[in-house]
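Chain and residue survey
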Amino acid sequence: MSRTVVVTGSTSGIGLGIAKAFAVEGCHVVINGFGKLDEVEAARRELEVLGGGRVIYHGADMTKPEEIAELIGTAKETLGSVDVLVNNAGIQHVAKIEEFPPEKWDQIIAINLTSSFHTMRYAIPLMKTKKAGRIINVASAHALTASPFKSAYVAAKHGILGLTKTAALELAEFGITVNAICPGYVLTPLVEKQIPDTARERGISEEQVKTDVMLRLQATKDFVSIEEVAATAVFLASDAARQITGTHISVDGGWTAQ
Ligand code: NAD
């Protein structure tokens, strides 16, 4: 029987890549995120032909707990349950702490951290009923190490690792694993958008942001691909990963080995 996979923030970038990888596996997939409705519908259709599973879209805003409840409720009512939950939605803002807009701080903590608490609290009872489940949190190398000017993002990503470990301990005896993926830099809209701001904060060119900031610590000197992150998510959802729980897998070109 096809598994049902919910991927938050999957209208773009890494989330869309993860949704695609599970669709190829024949899973039913719920995609989520913002975007123009015609473009989202085109992406949904593209995914649906990949592996024969159903693909539906739910536009829940990850800052709104009641909409998150509707997202998980829709997955259950339309596709039967939630077998794999991928918490991926995330945003970034780059500024000095003393200039960091408090509303941006709140928004980043809400989307990058608190939304995962809400998706989990709604999905866990469904997984417990089946005595099976996989929760995969897309964290970041910034869950393990810091960079200046990214205070909210680094705080949220460090937090998600704590939530990952706690949930893993609570759920281990229910056949549910909880893990995080910690990617290094992947060239997605989230990263493209922060290049001009980082250039301004550091007083360097946009090209220097790529080579001297983003890839400086990435030992491979290359960006991570969306497909590499997606393949890691599919692995963590596989039977082979049954005993992997409460930990993270870094996909960061050696960044956090330094
Ligand atoms: P992206 O901007 O391409 O995609 C972000 C997705 O989240 C989009 O679908 C967007 O619509 C959605 N989203 C944003 N706010 C939302 C909200 N309030 N409610 C619902 N959906 C919302 O970014 P990405 O680079 O693919 O990032 C995806 C995840 O990967 C994030 O958690 C990010 O922190 C993490 N990550 C990215 C990188 C990287 O280098 N790109 C590295 C490490 C971790």
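Refer to the structure presented above.
This report concerns the structure included in the present document. (Residues numbered from 1 in each chain as written. Predicted model: local features only at pLDDT ≥ 70, side-chain atom pairs only at ≥ 80, totals over all residues. Heavy atoms only, no water.)

**Topic: the nonpolar core**
We apply this condition: Throughout this description, the term nonpolar core refers to a set of buried Ala, Val, Leu, Ile, Met, Phe, Trp, Tyr and Cys residues connected via side-chain atoms within 4.5 Å. The cut-offs for exposure are 20% and 50% of the maximum accessible area for each residue type, with area from a 1.4 Å probe on protein chains only; residues under the lower value are buried, those over the upper are exposed, and the others partly exposed. Starting at the N terminus, helices and strands are each numbered in turn, a helix being any DSSP run of H or I of at least four residues and a strand any DSSP run of E of at least two. Contacts: residue pairs with any heavy atoms within 4.5 Å of one another.
Among the nonpolar cores identified, the biggest contains 30 residues, and Ile 18, Phe 22, Val 29, Val 86 and Ile 136 are the most heavily contacted of them. Breaking this core down by element, the ones donating at least two residues are β1 (4–7), α1 (13–24), β2 (28–32), α2 (37–51), β4 (84–87), β5 (133–138) and α8 (226–236). Here this core takes seven residues from α1, the largest share from any one element. When residues no more than four places from it in sequence are discounted, the contact partners of Val 86 are Val 5, Val 6, Val 7, Thr 8, Ile 18, Phe 22, Ile 136 and Val 138. Ile 68, Leu 85, Ala 123 and Ala 167 belong to the second-largest nonpolar core, a separate cluster that totals 25 residues.

**Some points on empty space enclosed by the protein**
Applicable threshold: A cavity, in this analysis, means grid points on a 1 Å lattice covering only the protein atoms where a 1.4 Å probe fits yet has no way out; a pocket is instead an open set bounded by protein on both sides within 12 Å along at least five of seven lines, and a residue lines either one if it has an atom within 4 Å of a point. Grid points are joined across faces, edges and corners, and a volume is the space filled by probe spheres set on the points.
As enumerated under the stated definition, the model contains one cavity of 30 Å³ or more in all. What the largest cavity holds in volume is close to 30 Å³. Lining the largest cavity are Thr 8, Asn 87, Asn 88, Ala 89, Ile 111, Asn 112, Ser 115, Ser 116, Val 138 and Lys 157. Top element by residues in the lining of the largest cavity is helix α4 (residues 102–130). It accounts for four residues.

**Things to note about the packing of aromatic side chains**
The cut-off we apply is this: Centres within 6.5 Å are what make two rings of Phe, Tyr or Trp a pair, Trp counting through its six-membered ring; a difference in plane orientation under 30 degrees is then read as stacked, over 60 as edge-to-face, and the rest as tilted. A ring is considered to have a charge above it if a Lys NZ or an Arg CZ atom is located within 6 Å of its centre and within 35 degrees of its normal.
Considering all chains together, one arrives at one aromatic pair under this definition. With 5.2 Å between their ring centres and 5° between their planes, Tyr 185 and Trp 255 make a pair best called stacked. Of this pair, Tyr 185 sits in the loop between β6 (176–183) and α6 (189–202) while Trp 255 sits in the segment after β7 (248–251), and the two are 70 residues apart along the sequence. Of the two residues, Tyr 185 and Trp 255, neither departs from the other in class, the shared state being buried. Positioned above the aromatic ring of Phe 174 is the side chain of Lys 128, whose terminal nitrogen or guanidinium carbon lies 4.5 Å from the ring centre.

**Notes on the packing of α1 against α8**
Packed helices, taken two at a time, are described by the angle their axes make and the gap between the axes. Going by this rule: Where helices are involved, their axes are fitted lines through C-alpha atoms of the stretch in contact, as for all axes, and angles between N-to-C directions lie from 0 to 180°. Angle categories: roughly parallel below 35 degrees, roughly antiparallel above 145, roughly perpendicular from 65 to 115, and oblique for all the rest. The sense of a crossing depends on the near helix, which, turned anticlockwise from the far helix by less than a right angle, makes the crossing left-handed and, turned clockwise, makes it right-handed. Residues are grouped as follows: nonpolar covers Ala, Val, Leu, Ile, Met, Phe, Trp, Tyr, Cys and Pro; charged covers Asp, Glu, Lys and Arg; every other residue, Gly included, is treated as polar.
The N-to-C vectors of α1 and α8 enclose an angle of 50°; their axes lie 8 Å apart at closest approach. Judged on the interaxial angle alone, α8 and α1 are oblique. Taken as a pair, α1 and α8 cross one another with a handedness that is right-handed. Contacts from Gly 13, Ile 14, Gly 17, Ile 18, Ala 21 and Phe 22 of α1 reach α8 at Ile 226, Val 229, Ala 230, Ala 233 and Val 234. Grouping the constituent residues of the contact of α1 with α8 by class yields nine nonpolar, two polar and no charged.

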